[in-house]
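Residues per chain are reported as follows:
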Amino acid sequence: MLNRPLRIGTRGSPMALAQTGMVRDRIVAANPGLETELVVVTTVADKILDRPLSEIGGKGLFTKELEQALYANEVDVAVHSMKDVETWLPEGLVIACILERDDPRDAFLSPHAETLLALPEGARVGTSSLRRAAQVLMHRPDLKVVPLRGNANTRMRKLEAGECDATLLALAGLQRLNLQDIARSVLPVETMLPAVAQGALGIECRAGDSEVRALLAPIACATTTTAISAERALLAELDGSCRTPIAALARIDGDRLRLDGLLFLPDGSRHWAASGEGPIADAERIGREAGAALKAQAGETYTARLQ
């Protein structure tokens, strides 16, 4: 047990604070008597809200300043949405704990239709996610995708103001804000395969901080950790980033894991699919092989379009 408060780093958005509050409560429940302190860190992604992440440096902009705070010993841990965590971590830092995953699916919000497929022709779907945009256009090439950034509350306000006709948000995020009832529907994974690690929260710390890692161990979920390791191995094989439309979801049944992955051209005009299945002990291998299969299918068509 630490002889001082555990300093928990977090972004300052309503979503991040809600998530970090959940994590703090679980840490304290597992370590009675532990004191905690929330340290709010502003990231570049919180400051630049008028451009897609793919144009300003990718999803690492959600985590960079928190990782700098870890290096500077200003915080002991940092709480992340795992879908925002870079494919490769900075040296000396680890994701020491991944909590049990919440629902990984995307929610559909619109005043005009119950589902994505029911939107009127030419409707505007607001999203800055290349993955969501590619799948929207894959199913409905008649729709228009328009950029839409900001936290969940901001995006909902922009939808209400008529800046777009529909938008998509992670269902898990809405649930953490107790806003799940505003969703018109939840998109099946057959229509909208989630982002890698969507719905999972991870806790990052310094690799050598054994005392902190011991505090986190009781709240880690082995099943979720295994699933996320398969998805992130697929991502790594594709050199995936926020500039790359990639979707993947691993599901575990007993001691077996099945992984489904999709790779897209940004305009949704082409996509490639791969899946893998095997023992949970082979999760990373299954992910790497699925990623390699996607890369082989796409070949030069994919790499040329991204350059």
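As a starting point, this report considers the structure included with it. As the structure is a prediction and not an experimental result, all values here were calculated from the model. Counting restarts for each chain: residues are numbered from 1 in the order of the written sequence. Where totals are concerned, whole chains, interfaces and linings use all residues; where local detail is concerned, this predicted model gives features only for residues with pLDDT of at least 70, and gives and counts side-chain atom pairs only at 80 or more. With hydrogens and water stripped out, all remaining heavy atoms of the structure feed into the side-chain values.

Further remarks concern the overall build of the chain. Helix and strand definitions follow DSSP, with helices as H or I runs of at least four residues and strands as E runs of at least two, each counted in order from the N terminus. Per the secondary structure count, the chain includes ten helices and 13 strands. Taking 19 Å as the expected radius of gyration for a compact globule of 307 residues, we find that the chain reaches 19 Å, a close match to that expectation. Its C-alpha atoms put the chain at 60 × 45 × 35 Å along the principal axes. The cut-offs for exposure are 20% and 50% of the maximum accessible area for each residue type, with area from a 1.4 Å probe on protein chains only; residues under the lower value are buried, those over the upper are exposed, and the others partly exposed. Within the chain, the fraction of its 307 residues that count as buried is 54%. Based on C-alpha atoms, the radius of gyration is set beside the globule rule, defined as 2.2 Å times the residue count to the power 0.38.

Pairing within the open sheet is mixed, and its five strands lie in the order E2-E1-E3-E10-E4. The sheet terminates laterally at strand E2 (36-40) and strand E4 (93-98), the two strands that pair on one side only. In this sheet, neighbouring strand axes are inclined to one another by 30° on average, regardless of whether the strands run parallel or antiparallel. Strands qualify as paired when DSSP identifies two bridges or more between them. By the bridge criterion, five bridges tie E4 to strand E10 (residues 201-206) in an arrangement that is antiparallel. Bridged to cysteine 97 within E10 is isoleucine 203. Residue contacts are counted whenever heavy atoms from the two residues lie within 4.5 Å of one another. As a rule, the C-alpha atoms of each element are fitted with a line to give its axis, helices using only the stretch in contact, and angles between N-to-C directions run from 0 to 180 degrees. Relative to strand E3 (residues 77-81), helix H4 (residues 64-71) is tilted by about 165°, and along the sheet it contacts strand E1 (6-10), E3, E4 and E10.

All right, on to the environment of threonine 226 then. On the secondary structure map, threonine 226 appears in helix H9 (residues 222-237). Sequence separation between threonine 226 and alanine 281 is 55 residues, and the spatial gap between their C-alpha atoms is 8.1 Å. Those residues within four positions of threonine 226 in sequence are excluded, and the remaining contacts are Ile252, Leu257, Ile280 and Ala283.

In this scheme, patches are assembled from residues that exceed 30% relative accessible area and form no salt bridge. Like charges are connected within 9 Å, while nonpolar side chains (Val, Leu, Ile, Met, Phe, Trp, Tyr) are connected within 5 Å. Reported accessibility uses the Shrake-Rupley method at a 1.4 Å probe radius. Residues are deemed covered only where the shown protein chains occlude them. One speaks of a salt bridge when a side-chain nitrogen belonging to Lys or Arg is within 4 Å of a carboxyl oxygen belonging to Asp or Glu. A grouping of Leu17, Leu38 and Val40 is seen on the molecular surface, where their side chains present a nonpolar patch of about 220 Å² in accessible area. Using a relative accessible area of 32% as the deciding quantity, one classes leucine 38 as partly exposed.

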